[in-house]
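Descriptive analysis of the structure
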Amino acid sequence: MSQDKLKKAAALAALAELETLAPDSFIGVGTGSTVNHFIDALARRGARIRGAVSSSEASSRRLAAHGIPLARLDEVDALPLYVDGADEIDHGFNMIKGGGGALTCEKVVAAAARRFICICDASKWVAALGRFPLPVEVIPMARVQAAREIARLTGGEPHWREGFITDNGHHILDIHGLAIDDPRGLETELNQIAGTVTNGLFARRGADVLLLATATGVQRHERQSFSASNR
């Protein structure tokens, strides 16, 4: 089965997570190729939600093209669910996100949601984070100085994602060569660097549910039950 078909399978499985929601609920919607499948499936399924809070301009355009109402985060009273993918997710449900450059808004919407549903294919499931370069969003004037400090702090190699500007008007540094054994600690440390907006570690607010598409079907894991079964 191709990687795209696996992504689609994970996205379709996420529709079942909406069954318990009240029909007037807003949900959070992330960004990326797997989420694009989820948006398309949501539209085919028909309206069962009131609308969506999007994490990026790209997802907003796709949702709007399907006629799914959009709302700003400050317009909703509650966000029971957030659906998004991951570039990597470890066995503690910590993630690296931001390959598409929407990490800041993704982190904001994830923090506001009651439950975070991660949808991805089995290639993203790793024992330890760091093989995928870790994105860090920085304000433009801080790019060079922040890169020096990140290299000093982590021992990794920050590469400027040249020619890319985030929806917030900022730059991205992708840190290569990391072996991340303390995702929560590193997430906090990187955010203390002057000029940093945020980084792509989702450890302080990791996923609650993982829908992992494999060649034999989609596996559903919950963070607490998975941790208990692997002690």
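Only a predicted model underlies this, so the values are computations on that prediction, with no experimental measurement involved.

Now for the pairing of strand β2 (residues 51-54). Here β2 shows two buried faces, one formed by G51 and V53 and the other by A52 and S54. In this structure, strand β1 (residues 26-29) lies alongside β2, joined through four bridges in parallel fashion. Along β2, the bridge assignment pairs F26 with G51.

Further remarks concern the packing of helix α2 (residues 33-45) against helix α3 (residues 57-65). Two elements in contact, α2 and α3, have axes whose closest approach is 10 Å; the angle formed by their N-to-C orientations is 20°. By the angle between their axes, α2 is roughly parallel relative to α3. Seen from above, α2 lies across α3 with right-handed handedness. Residue-level inspection shows V35, N36, I39 and D40 of α2 in contact with α3, the latter providing S59, R62 and L63. In terms of residue class, the contact of α2 with α3 is made up of three nonpolar, two polar and two charged.

It is worth spelling out the state of the cysteines at this point. Tallied over the entire structure, the rule returns zero disulfides. Cysteine C118 remains unbridged, with the sulfur of C120 as its closest cysteine sulfur at 4.2 Å. Overall, C118 belongs to the buried group, its relative accessible area being 0%.

Moving on: the confidence of the model for the protein chain. When pLDDT is averaged across the protein chain, the result is 94; 97% of the residues are at 70 or more. For the stretch residues 227-231, pLDDT sits under 50, and the model shows zero contacts to residues farther than four places along the chain or on other chains.

This part covers empty space enclosed by the protein. Per the stated rule, a full pass over the model turns up one cavity of 30 Å³ or more. Put simply, the largest cavity is a space of about 40 Å³. Around the largest cavity, the lining residues are S55, G101, A102, L103, T104, C105, E137, D167 and N168. Broken down by element, the lining of the largest cavity gets its largest block of residues, three residues, from helix α4 (residues 103-112). Here the residues of the lining of the largest cavity sort into three nonpolar, four polar and two charged.

The rules behind each value
Residues numbered from 1 in each chain as written. Predicted model: local features only at pLDDT ≥ 70, side-chain atom pairs only at ≥ 80, totals over all residues. Heavy atoms only, no water. Buried < 20%, exposed > 50% of the residue type's maximum accessible area, 1.4 Å probe, protein only. Helix = DSSP H or I, 4+ residues; strand = E, 2+ residues; numbered from the N terminus. Pairing = 2+ DSSP bridges. Axes fitted to C-alpha atoms, helices over the stretch in contact; angles between N-to-C directions. Parallel < 35°, antiparallel > 145°, perpendicular 65-115°, else oblique. Left-handed = near helix turned anticlockwise from the far one by under 90°. Contact = heavy atoms within 4.5 Å. Nonpolar A, V, L, I, M, F, W, Y, C, P; charged D, E, K, R; others polar. Disulfide = S-S within 2.5 Å. pLDDT = per-residue confidence, 0-100. 1 Å grid on protein atoms, 1.4 Å probe; cavity = no way out; pocket = protein on both sides within 12 Å on 5 of 7 lines; lining within 4 Å. Points joined across faces, edges and corners; volume = space filled by probe spheres on them.

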